[in-house]
Amino acid sequence: MTAIGTIDRPLTHDPLKQAPMSPFTGTTSEQPHGSATADFITAGAITSRQNRTREMQLIPEAMARAHMDDRMREADAERHALRLVSARRMQRRAERVSMRARRALAMAVMH
């Protein structure tokens, strides 16, 4: 069976070239729940479909921006952690030098 267009694979992705939803032609009691009504406005539907596609086209850009923000935050946190590690290393080195100086002073005083 070859269909002209389906929901998953439409014939065209252009909202202006898509066929509008056709209203139900039976009586109102036979009309299924959630179907298109007779006062369905195709111009509004086309506009909303265009807005939706514009918004959907901007989704990858927004996702990329959020991803880059996350990466920048991770990089800042990593830089902060590296600075903290190097500061602790320098503090330990300074304490060792201070202890050596005290010992040297004590040895000089005792002799």
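Look above for the structure.
Report on the accompanying structure. (Residues numbered from 1 in each chain as written. Predicted model: local features only at pLDDT ≥ 70, side-chain atom pairs only at ≥ 80, totals over all residues. Heavy atoms only, no water.)

## Things to note about the overall build of the chain
Looking only at helices and strands, the chain features one helix and zero strands. For the chain, with 111 residues in total, the buried portion stands at 5%. (Helix = DSSP H or I, 4+ residues; strand = E, 2+ residues; numbered from the N terminus. Buried < 20%, exposed > 50% of the residue type's maximum accessible area, 1.4 Å probe, protein only.)

## Side note on a nonpolar patch on the surface
A cluster of nonpolar side chains, Met56, Ile59 and Met63, forms an exposed patch at the surface whose accessible area comes to about 330 Å². Looking at where Met56 falls in the secondary structure, it is placed in helix H1 (residues 42-110). (Patch = residues over 30% accessible without salt bridge, like charges linked within 9 Å, V, L, I, M, F, W, Y side chains within 5 Å. Areas by Shrake-Rupley, 256 points an atom, 1.4 Å probe, with all protein chains shown as cover. Salt bridge = Lys/Arg side-chain N within 4 Å of Asp/Glu carboxyl O.)

## Notes on the pattern of salt bridges
Evaluated as defined, the whole model comprises four salt bridges. We note a salt bridge from Arg65 to Glu61, for which the minimum N-O separation is 2.8 Å. Of this pair, Arg65 and Glu61 both sit in helix H1, four residues apart, roughly one helical turn. A residue is classified by how much of its surface remains accessible, and Arg65, at 47% relative accessible area, is partly exposed. By relative accessible area, Glu61 is classed as partly exposed at 42%. Between Arg73 and Asp70 there is a salt bridge whose closest N-O contact spans 3.0 Å. Here Arg73 and its partner Asp70 are both found in helix H1, three residues apart, which amounts to about one turn of the helix.

## Focus on a positive patch on the surface
On the surface, Arg88, Arg89, Arg92, Arg93, Arg96, Arg100 and Arg103 cluster together into a patch of positive charge. Of note, Arg103 is situated in helix H1. (Lys, Arg positive; Asp, Glu negative; His and termini not counted. Charge placed at Lys NZ, Arg CZ, Asp CG, Glu CD.)

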